[in-house]
Amino acid sequence: MSAGIDFLGFPAGATALVTGAASGIGLATAKLLLAQGLTVVGVDINEAGLAALDLGPAFVGLPLDTGDPEAVEQALAELRASVGPIGYLVNNAGPPSATPLTIEEGLARTAGSVQRVTAAWASGGLPAGASVVNVASVAGAVSGGPPPSVLAGSNSRPSNGWYAAGKAAVGGVTRHQAVSAAGGYRANAVAPGVIDTPRIGDLTSGAYGLLMIERSPLGRLGQPEEVARAIVFLLSPAASFINGVTLVVDGGGTLVY
Ligand SMILES: NC(=O)c1ccc[n+]([C@@H]2O[C@H](COP(=O)([O-])OP(=O)(O)OC[C@H]3O[C@@H](n4cnc5c(N)ncnc54)[C@H](O)[C@@H]3O)[C@@H](O)[C@H]2O)c1
């Protein structure tokens, strides 16, 4: 069988840092990057979850809270010394939408974390062709869940204003990065729809979840691997002239109203 064309074009010896790598979309992204031959530093606040992964010698697990600015700066400085230049960053970690946060806390833990981790990553200098992909959400363009009239008995969690605002702001931060990095790196985002990860719990066994699936043109939830493929494409040299976009990965679900 032919080895095929290396369409993505990651340079040999490249390293990526993925936050929230112990589960869901982050884990699927880490696995796909490893399959492309990259070394992957997987960051997660869940130390036990990271330790339970068995992803081989090219995976370095790093327990870290991306919401802790001092810890992030220190970890990135140490990583540059231990693993060398990190050309690729995926800002995926973030709290679940049902977490009861104030608007200030929510913004700090979504767009704020994205901006701080990216600044710490870029501060030591970056290899040519560096890029970042930030994980937003369709909630940033629509809302974060059903209205109260639909909530009861729906297996959904209450939507929170900080989540919709924070994920919209991730798109804004991404556009700002794309312009202000001026040749230092490219910045793009993905906005997933409802993706089948541990985070959504039993959403789809209730009325609202079933309605979302029924209304979706593809008639199903997304899988974390389907978001990972979009992330890895935008991150890669194959997307070399794409900068500042937010790519919706929702099976067309938010087109239906
Ligand atoms: N699943 C969905 O339907 C969906 C939809 C749109 C957007 N998203 C976004 O995708 C991203 C990943 O979500 P997922 O569904 O894969 O969730 P998940 O719960 O399966 O995985 C998230 C991982 O991030 C880690 N994490 C959380 N906060 C962290 C922090 N402060 N520091 C380090 N690690 C942290 C968790 O421990 C977990 O391992 C999130 O930003 C989420 O908002 C998810």
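Computed from a predicted model, the values in this text were never measured in an experiment.

Mapped onto the secondary structure, Tyr163 falls in helix 6 (residues 161-180). What makes Tyr163 buried here is the crowd of 25 C-beta atoms within 10 Å. Residues Tyr163 and Thr110, spaced 53 residues apart in sequence, show a C-alpha to C-alpha distance of 7.9 Å.

This part is about the packing of helix 4 (residues 103-122) against helix 6. For the pair helix 4 and helix 6, interaxial distance at closest approach is 8 Å and the crossing angle is 25°. Relative to helix 6, helix 4 is oriented roughly parallel. The chirality of how helix 4 crosses helix 6 is right-handed. On the side of helix 4, the interface is formed by Ile103, Glu105, Gly106, Leu107, Thr110, Ala111, Val114, Gln115 and Thr118, while helix 6 contributes Gly161, Trp162, Tyr163, Ala165, Gly166, Lys167, Ala169, Val170, Val173 and Gln177. In terms of residue class, the contact of helix 4 with helix 6 is built from 10 nonpolar, seven polar and two charged.

If you check the shell around the ligand, you find 30 residues, and the closest are Gly20, Ser23, Gly24, Gly94 and Thr197. Sorting the residues of the shell around the ligand by element identifies helix 1 (24-35) and strand 2 (39-44) as the ones contributing at least two each. Here the element with the most residues in the shell around the ligand is helix 1; it accounts for three residues.

Right, let's talk about the sheet that holds strand 6 (residues 186-192) for a bit. If you trace the seven strands from one edge of the open sheet to the other, you get 3-2-1-4-5-6-7, paired in parallel fashion. A single partner strand is all that each edge strand has here, and the edge strands are strand 3 (59-63) and strand 7 (246-249). Here the strands of the sheet are splayed against their neighbours by 15° on average, with no regard to which way each runs. Strand direction decides the pairing type here: strand 6 and strand 7, joined by four bridges, are parallel. Along strand 7, the bridge assignment pairs Pro192 with Val249. Docked against the sheet, helix 1 engages strand 1 (15-19), strand 2, strand 3, strand 4 (88-91), strand 5 (131-135) and strand 6, running at close to 170° with respect to strand 1. Taken strand by strand, helix 4 contacts strand 1, strand 4 and strand 5, and its axis lies near 165° from that of strand 4.

Our focus in this paragraph is the environment of Thr19. Examined against the element boundaries, Thr19 turns out to sit in strand 1. A sequence separation of 78 residues divides Thr19 from Ser97, and the C-alpha atoms of the two residues are 17 Å apart. Setting aside chain neighbours within four positions, we find Thr19 in contact with Gly26, Val43, Thr66, Val90, Asn91, Asn92, Ala93 and Val117.

Since the α-helix packs 3.6 residues into each turn, any two residues three or four apart lie on the same face. Between the first and last C-alpha of helix 4 there are 27 Å, a value that for 20 residues agrees with the 28 Å anticipated at 1.5 Å per step. Maximum bend of helix 4: about 45°, positioned at Gly112. Among all positions of helix 4, only Gly106, Arg109, Thr110, Ala111, Gly112, Ser113, Val114, Val117, Thr118, Ala120 and Trp121 are buried. Residues of helix 4 that are buried make contact with strand 1, helix 3 (69-83), strand 4, strand 5 and helix 6.

What counts and how
- Residues numbered from 1 in each chain as written.
- Predicted model: local features only at pLDDT ≥ 70, side-chain atom pairs only at ≥ 80, totals over all residues.
- Helix = DSSP H or I, 4+ residues; strand = E, 2+ residues; numbered from the N terminus.
- Buried ≥ 20, exposed ≤ 12 C-beta atoms within 10 Å, placed from the backbone.
- Axes fitted to C-alpha atoms, helices over the stretch in contact; angles between N-to-C directions.
- Parallel < 35°, antiparallel > 145°, perpendicular 65-115°, else oblique.
- Left-handed = near helix turned anticlockwise from the far one by under 90°.
- Contact = placed C-beta atoms within 7 Å.
- Nonpolar A, V, L, I, M, F, W, Y, C, P; charged D, E, K, R; others polar.
- Near = placed C-beta within 6 Å.
- Pairing = 2+ DSSP bridges.
- Expected span 1.5 Å × (residues − 1).
- Bend = angle between axes of the 7 residues up to and from the residue.

In short, geometric facts, not functional conclusions.
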